[in-house]
Amino acid sequence: HEQEARIVAQAGRLGAITIATNMAGRGTDIILGGNPESLAIDLLLERGLADLSQVSADEFATARAEASGICSSEKEQVLGVGGLHIIGTERHESRRIDNQLRGRAGRQGDPGSTRFYLALDDDLMRLFGGERLAKLMDSMNVPDEEAIEAGMVTRSIERAQRKVETYHFNIRKNVLEYDDVMNKQREIIYRERRKVLEGADMRDHMLQMIRQVVQAQADQYINPQVQRDEWDLRGLLQAVSTFVPLIGTIPLSEFEALPGYAAIVAHLQDLAVTAYEVKESTLEAEQLRQFERYIMLRTFDQKWIEHLHDIDALRDGIGLRAYGQKDPLQEYKREAFDLFQDLKLAMQHEIVRQIFHLQVVYDAPPPPPRSMTIQLNVAEGETPTVDLASLAAAGIPLTLENLQALREAGIMVEGVADEALNGETPDEAEETGDEAVAIDEPSTQA
């Protein structure tokens, strides 16, 4: 991009012909006669100074003074021939791009001109009125190589550009409306997630979720719009007990004795809140808050990812609703809203279920080593010796580690060969020609 900017910056020099796209050198100032800064850099590069960072301030000032003299002399000549001339080989779909290109030729009152060349088979003319204009030219017997400069042609091109701009604007507007649906949902989820990350006390929020979960289950099993004989109280207790296990221990008759829907829901919510307080009493308050934040964050992330996949699948096929004379955007908004409601309910269910099934298991510390005492009667000058029966009577387990520890302490164990303490098997001892003695554990009687 730096090299491209230097090339475009020198497009105003005398005799310069610069071939570029209509988007090249955006933001680069084209000065008639040349840009002294860019020309100074070019002069230094021509003199073999490849690393400009090593150029001193005096050297650069000298080069810039020389470049300024060249640009000043060429500017007068460029002004004499009419300034910068822009030649466009086609018209862009957007009038804004063409106007930006025209603006290169009239910098701050400098003289300049612009001319565009088009063909009737260009994409812009072919899609919007080119065939009609071609038939008109054929009827007038206009030669193919003759340029058409009529105002009617210019107006036709501008109308085609307006149509293309309107088409692209409607596409961007439609995409923005679709994205706005997800943006609003994202703001809601991220706002809840930010509360958890900032360490807010989520106890009141947990109680609210517990009541909402119980309410949702009650609406499913004991709808107040139907007769009480059609209620499924047993199914309601089983469903709620999957979230709050303690409710499964309450007898069904206790709920059958309640007068109506409101009383049953209120009683269930009170029981669930009580179960939460019991869970809270078994743990430290800050510890439970930490578990709640962890469970919420994990559930938010997992369910949100699943929701994004569902929304993508919905958006891929929503355009087919137009065949049923329905507005795809309105259908997308409606179904995306339903999916978002299901997402919030699924998050509440998962969080409440994990909180009530939470069990903290503490790792017990290892038992302290047990000291064992063996009394030995050893005469002076003799090696201390103990047999396997004495070890068993002292309660010392006959393990290889214990036997090796006795040997390191200078105590000989009768009935155990050195090869056994070294970890050799009888087969290995036969290969080396030594005799291996296995450890015979004493019987209970011994």
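Here, every reference points to the structure presented above.
What you are looking at is a predicted structure, and each value in this text was computed from that prediction instead of being measured.

Parameters and conventions
- Residues numbered from 1 in each chain as written.
- Predicted model: local features only at pLDDT ≥ 70, side-chain atom pairs only at ≥ 80, totals over all residues.
- Heavy atoms only, no water.
- Helix = DSSP H or I, 4+ residues; strand = E, 2+ residues; numbered from the N terminus.
- Buried < 20%, exposed > 50% of the residue type's maximum accessible area, 1.4 Å probe, protein only.
- Contact = heavy atoms within 4.5 Å.
- Areas by Shrake-Rupley, 256 points an atom, 1.4 Å probe, with all protein chains shown as cover.
- Arc of directions from axis to C-beta.
- Patch = residues over 30% accessible without salt bridge, like charges linked within 9 Å, V, L, I, M, F, W, Y side chains within 5 Å.
- Salt bridge = Lys/Arg side-chain N within 4 Å of Asp/Glu carboxyl O.
- Core = buried A, V, L, I, M, F, W, Y, C linked by side-chain atoms within 4.5 Å.
- Lys, Arg positive; Asp, Glu negative; His and termini not counted.
- Charge placed at Lys NZ, Arg CZ, Asp CG, Glu CD.
- Phe/Tyr/Trp six-rings, centres within 6.5 Å; stacked < 30°, edge-to-face > 60°.
- Pairing = 2+ DSSP bridges.
- Right-handed = clockwise from strand over helix to strand, strands pointing away.
- Axes fitted to C-alpha atoms, helices over the stretch in contact; angles between N-to-C directions.
- Parallel < 35°, antiparallel > 145°, perpendicular 65-115°, else oblique.
- Left-handed = near helix turned anticlockwise from the far one by under 90°.
- Nonpolar A, V, L, I, M, F, W, Y, C, P; charged D, E, K, R; others polar.

## With respect to the overall build of the chain
Moving on, step 1. Per the secondary structure count, the chain includes 17 helices and 4 strands.
Moving on, step 2. Residues classed as buried in the chain amount to 31% of the 446 residues present.
Moving on, step 3. Put simply, of all contacts in the chain between residues at least 6 apart along the chain, 65% involve residues at least 24 apart.
Moving on, step 4. Within the structure as shown, the chain displays about 28,600 Å² of accessible surface, and the carbon and sulfur contribution to it stands at 50%.

## Quick word on helix H4 (residues 95-103)
Moving on, step 1. When we look at burial in H4, the residues that qualify are Ile97, Asp98 and Leu101. Taken down its axis, H4 places every buried residue within 100° of arc, on the same side.

## Some thoughts on a nonpolar patch on the surface
Moving on, step 1. Together, Leu136, Met140 and Met152 make up a nonpolar patch on the protein surface, roughly 260 Å² of accessible area in all.
Moving on, step 2. Relative to the helices and strands, Met152 resides in helix H7 (residues 151-197).
Moving on, step 3. For Met152, a relative accessible area of 36% puts it in the partly exposed group.

## Describing the pattern of salt bridges
Moving on, step 1. On inspection of all chains with the given rule, the structure shows 15 salt bridges.
Moving on, step 2. Put simply, Arg293 and Glu286 hold a salt bridge, and the shortest N to O gap is 3.1 Å.
Moving on, step 3. Beyond isolated ion pairs, a larger network of salt bridges with shared partners links Asp201, Arg203, Glu280, Arg289 and Glu292.

## Quick notes on the nonpolar core
One recurring pattern in soluble globular proteins: nonpolar side chains tend to sit buried together.
Moving on, step 1. Within the largest apolar cluster, 54 residues are counted, with the highest numbers of intra-cluster contacts made by Ile264 and Leu268.
Moving on, step 2. Looking at this core, the elements with two or more residues in it are H7, helix H8 (203-221), helix H9 (233-241), helix H10 (252-256), helix H11 (261-282), helix H12 (285-317) and helix H13 (328-356).
Moving on, step 3. If you tally residues by element for this core, the top one is H13, at 10 residues.
Moving on, step 4. Look past the residues within four positions of Leu268 in its chain and what remains in contact with it is Val214, Leu236, Leu237, Val240, Ile247 and Phe255.
Moving on, step 5. If you look at the next biggest cluster of nonpolar residues, it comprises 10 residues, including Val8, Ile30, Ala105 and Phe116.

## Points about a negative patch on the surface
Moving on, step 1. Side chains of Glu306, Asp310, Asp312 and Asp316 sit close together on the surface and give a patch of like negative charge.
Moving on, step 2. Note that Asp310 resides in helix H12.
Moving on, step 3. In this structure Asp310 comes out as partly exposed when scored by relative accessible area, which is 42%.

## Quick look at the environment of Ile311
Moving on, step 1. If you trace the backbone, Ile311 turns up in helix H12.
Moving on, step 2. In this structure the C-alpha to C-alpha distance between Ile311 and Tyr332, which are 21 residues apart in sequence, comes to 9.1 Å.
Moving on, step 3. Discounting residues that sit within four places of it in the chain, Ile311 has contacts with Met182, Tyr332, Ala336 and Leu339.

## Thoughts on the side chain of His349
Moving on, step 1. Mapped onto the secondary structure, His349 falls in helix H13.
Moving on, step 2. Apart from residues no more than four positions distant in its own chain, His349 is found in contact with Val213, Ala216, Gln217 and Phe243.

## Details of the packing of aromatic side chains
Moving on, step 1. The final tally for this structure, using the stated rule, is 3 aromatic pairs.
Moving on, step 2. Ring centres 6.5 Å apart and planes at 65° place the aromatic pair Tyr190 and Trp304 in the edge-to-face group. With Tyr190 in helix H7 and Trp304 in helix H12, the pair connects residues that are 114 residues apart, well separated along the chain.
Moving on, step 3. Overall, Tyr190 belongs to the partly exposed group, its relative accessible area being 40%.

## Quick notes on the pairing of strand S1 (residues 84-88)
Moving on, step 1. Judged by which residues are buried, S1 turns out to be one-sided: Leu84, Ile86 and Gly88 face inward and are buried, whereas His85 and Ile87, on the alternate face, are not.
Moving on, step 2. Here S1 pairs with strand S2 (residues 112-116) via 5 bridges, running parallel. Its bridge partner lying in S2, Leu84 is registered against Gly112.
Moving on, step 3. In this region the chain leaves S1, passes through H4 and returns to the parallel neighbour S2; the handedness of that crossover is right-handed.

## Description of the environment of Val213
Moving on, step 1. Tracing the backbone through its elements, the reader meets Val213 in helix H8.
Moving on, step 2. On the basis of relative accessible area, Val213 is assigned to the buried category, the value being 3%.
Moving on, step 3. Spatially, the C-alpha atoms of Val213 and Val352 are 7.9 Å apart, while their sequence positions differ by 139 residues.
Moving on, step 4. Residues within four places of Val213 in sequence aside, it is in contact with Phe243, Gln348, His349 and Val352.

## Things to note about the packing of H8 against H12
Moving on, step 1. At a minimum axis separation of 11 Å, H8 and H12 run at an interaxial angle of 60°. When the axis of H8 is compared with that of H12, the two are oblique. The hand of the H8/H12 crossing is left-handed. Between H8 and H12, the residues in contact are Arg203, His205, Met206 and Met209 and Arg289, Glu292 and Met296, respectively.
Moving on, step 2. Residues of the contact of H8 with H12, tallied by class, amount to 3 nonpolar, 1 polar and 3 charged.

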